[in-house]
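# Structure assessment
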Amino acid sequence: MAKSSNPAGKKGVRIVVAGDRGTGKSSLIVTAAAETFPTNVPRLLPPTRLPEDFYPDRVPITIIDTSANPEDKGELAEELKRADALVLTYACDQPETLNRLSTFWLPELRQLEVKVPVIVVGCKLDLRDDQHQVSLEQVMSPIMQQFREIETCIECSAYKHIQILEVFYYAQKAVLHPTGPLFDQESQTLKPRCVRALKRIFIFCDHDRDGALSDAELNDFQVKCFNAPLQPSEIVGVKRVVQDKMVEGVNERGLTLTGFLFLHALFIEKGRLETTWTVLRKFGYNNDVKLSDDLIPHSSLKRAPDQSVELTNEAIEFLRGVYELFDSDLDNNLRPIEIEDVFSTAPESPWSDVPYKDAAEKTALGGLSLDAFLSEWALMTLLDPARSLENLIYIGYPGDPLSAIHVTKRRRLDRKKKQSERNVFQCFVFGPANAGKSALINSFLGRPYSDSYSPTTDDQYAVNVVELPGGIKKTLVLREISEDGVAKLLSSKESLAACDIAVFVHDSSDESSWKRATELLVDVAGHGEDTGYEVPCLIVAAKDDLDSFPMAIQDSTRVSQDMGIEAPIPISSKLSDYNNIFRRIVNAAEHPHLSIPETEAGRSRKQYHRLINRSLMFVSVGAAVAVVGFAAYRVYAARRNASN
């Protein structure tokens, strides 16, 4: 496998040379650029440029000399922050300068948050006392253990021209082909993200999906990545190298995934990182071993605040196929290990953290049914469409990424049309502490009721499929908003734009819970009226197994009638009596015009606008009469003048 050419997009590498005074920084730079040792070196060199043909990658290098004098500390810090790579020098004949690397220079870089590869260079090798010679590995191993940012170490002599050009070659290579994202030096293994990317590439190149790269497939891979075919003898040689070290790396069909990964680990161990980076970049990966942003059509995801993004039928059918492929025992239960396998070609599993972790209903065996699997995808597409699209690409979506998603109509248009055609509805769940919000969420996900109470501090999500009459399925997302989080939510003008329906839960046995729930209802409804993002609302009377507080019926009837919404829906999580609450939530979201509450302020504002509009209408009619009258007078005057 051949070496790479200039990695795409890198127009130049800026290498900053730093270290204690008198460690040989300037002599190192001059000798590299002029290929001769300088007799007189200025205190500080101007920027030095090495032409693009200086090294095989054909990327020009700019070398920046720095001063270690205290008065130049600010300028030094600025240069360090602008570096693509750092060369840190010490003098081989001055052991104290080596100690200063770990006591000053490397901690200083961390304090400045300089996160670039570091090449440690021992200069003045010719002056070292041979009687006290210690191997470089022995000296540097403890420092490299402590400071992982060190890419490599090298000793050189400008005076004797020993390993001078290698210094800046390694520095450039550390920028263009960094070790850190691909390889764990301590365990001597490929990093997980690198393994996942190479697995995805392997699957792409395994055209017949037999789990091995045949000679023809291996040759196609070589041509795609390196623009040069492999000779039959070279293919035999590659497979022999793998088989000698790892029997399972090759089978009768060709090079296995295990062998493919071993081959890349071998390249990296031998310092040929450019080979693996060329492969990754050819398949669109960046230095973070993630697909480059230009492969994700972010611009197509632009939308108004009250629009959302859903998966298309094409994407859903693809995901059904993925589910069936990984549900190997066909028991409609994708186990955690199988879910991990689904995302084994993505940089990491997107559902391992909140808000996706534990957001869908689990089977009795702790896995996901097909509906739950699709629900998780619907939730991710709703909350983070770019991430959803990215992961579809990672797991092998075959079509144009744009065919996988569509942007819905604006919610305010749905209200005008009195009908929503969305497939995914988001419901905000409000209510005071201990009202029963979490119990409602848990019941939605099929979890057993618990008497123990733990307050919700952060928003949490739950997603599931709701089946309507006629077998129609809609996806419902419940977002539980803690009582303390309401003020923060409503501080944003567009906070309700993404909400299809709001539910207000109260403890039906507690009058103070009811009063607080109605306060929240008025706050949310008022915010919707003020911002133009009005949302339909339902009131849920939880804990119906307990006795209602006195005046509960009268109070709830008055509030629902005053605000023009449905009477509270009684439920009991303890008795598993949910009164079709989730279907009723979806029905209200589908007909958003029927359940929008009206506050007193909103009613007064509407009456005021009606009054103004009526006044304007009278003014308009009066003006029209005046215009007609004036026009009639002009006709009359013209006729009179004509008759005279």
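Residues numbered from 1 in each chain as written. Predicted model: local features only at pLDDT ≥ 70, side-chain atom pairs only at ≥ 80, totals over all residues. Heavy atoms only, no water.

Secondary structure summary: the chain contains 21 helices and 19 strands in total. Its C-alpha atoms give the chain a radius of gyration of 35 Å, more than 25% over the compact-globule value 26 Å for 644 residues. Seen along its three principal axes, the alpha-carbon backbone of the chain occupies a region of about 110 × 90 × 60 Å. Looking at the 644 residues of the chain, the share that counts as buried comes to 48%. The chain carries 74 positive and 90 negative side-chain charges, and their two centres are separated by 7 Å. (Helix = DSSP H or I, 4+ residues; strand = E, 2+ residues; numbered from the N terminus. Rg over C-alpha atoms; globule rule 2.2 N^0.38 Å. Buried < 20%, exposed > 50% of the residue type's maximum accessible area, 1.4 Å probe, protein only. Lys, Arg positive; Asp, Glu negative; His and termini not counted. Charge placed at Lys NZ, Arg CZ, Asp CG, Glu CD.)

The full count for this structure, using the stated rule, is two cavities of 30 Å³ or more. In this model, the largest cavity occupies a volume close to 70 Å³. Every residue along the wall of the largest cavity is listed here: Arg411, Asp414, Arg415, Ser420, Arg422, Cys499, Asp500, Glu534, Val535, Pro536, Ala589 and Pro592. Looking at which element gives the most residues to the lining of the largest cavity, the answer is helix 15 (residues 411–417), with three residues. When the residues that make up the lining of the largest cavity are grouped by side-chain class, the tally is five nonpolar, one polar and six charged. (1 Å grid on protein atoms, 1.4 Å probe; cavity = no way out; pocket = protein on both sides within 12 Å on 5 of 7 lines; lining within 4 Å. Points joined across faces, edges and corners; volume = space filled by probe spheres on them. Nonpolar A, V, L, I, M, F, W, Y, C, P; charged D, E, K, R; others polar.)

Let us now look at unusual backbone geometry. The linkage connecting Val354 with the following residue, Pro355, adopts the cis geometry, with an omega of 5°. Relative to the helices and strands, Pro355 resides in the loop between helix 12 (336–342) and helix 13 (370–383). The phi dihedral of Met551 is positive, around 70°, even though this residue is not glycine. In this structure, Met551 sits in the loop between strand 18 (537–542) and helix 19 (552–563).

Another point: the nonpolar core. With 77 residues, the main nonpolar core has Ile201, Tyr285, Leu319, Trp351, Phe373, Trp377 and Leu392 as its most contacted residues. Here this core takes nine residues from helix 13, the largest share from any one element. Excluding residues within four positions of it along the chain, Leu319 makes contact with Leu311, Phe373, Leu374, Trp377, Leu392 and Ile395. (Core = buried A, V, L, I, M, F, W, Y, C linked by side-chain atoms within 4.5 Å. Contact = heavy atoms within 4.5 Å.)

What follows is about the sheet that holds strand 4 (residues 85–91). Across the sheet, which stays open at both edges, the six strands sit in the order 2-3-1-4-5-6 with mixed pairing between neighbours. Across the chains shown, the open sheet's two edge strands, defined by having one partner strand only, are strand 2 (48–50) and strand 6 (150–155). Averaged over all pairs of adjacent strands, the angle between strand axes in this sheet comes to 25°, irrespective of strand direction. As paired strands, strand 4 and strand 5 (residues 118–123) are joined by six bridges and run parallel to one another. Bridge pairing in strand 5 places Ala91 opposite Cys123. (Pairing = 2+ DSSP bridges. Axes fitted to C-alpha atoms, helices over the stretch in contact; angles between N-to-C directions.)

What follows deals with the UniProt feature "domain: Miro" (unreviewed entry) in the chain. As recorded in UniProt, the feature "domain: Miro" (unreviewed entry) lies at residues 10–177 and 422–591. In the segment residues 422–591, helix accounts for 33% and strand for 22%; the C-alpha atoms at its two ends are 11 Å apart. (UniProt positions renumbered as here; feature names shortened; annotations may be inferred.)

According to the stated counting rule, one finds 29 salt bridges in the structure shown. As a salt-bridge pair, Arg410 and Asp306 come within 2.8 Å of each other at their nearest N and O atoms. Separated by 104 residues along the polypeptide, Arg410 in the loop between strand 13 (405–407) and helix 15 and Asp306 in the loop between helix 10 (273–282) and strand 12 (309–311) bring together distant segments of the chain. You can call Arg410 partly exposed: its relative accessible area is 27%. Asp306 gets classed as buried once you look at its relative accessible area, which sits at 1%. Among the charged side chains, a salt-bridge network with shared partners connects Arg411, Asp414, Arg422 and Asp500. (Salt bridge = Lys/Arg side-chain N within 4 Å of Asp/Glu carboxyl O.)

A word on the confidence of the model for the chain. For the chain, mean pLDDT is 90; residues scoring 70 or higher make up 92% of the total. In this model, residues 1–5 is a region of pLDDT below 50 whose contacts with residues beyond four sequence positions or in other chains number 18 contacts. Low pLDDT (under 50) marks residues 623–628, which in the prediction has zero contacts with non-local residues, meaning those over four places away or in another chain. (pLDDT = per-residue confidence, 0-100.)

The next subject is the environment of Ile164. Mapped onto the elements of the fold, Ile164 is located in helix 5 (residues 164–176). Residues Ile164 and Ala32 lie 132 residues apart in sequence; the distance between their C-alpha atoms is 5.9 Å. With residues up to four places along the chain from it excluded, the contact list for Ile164 reads Leu28, Thr31, Ala32, Cys156, Ser157 and Ala158.

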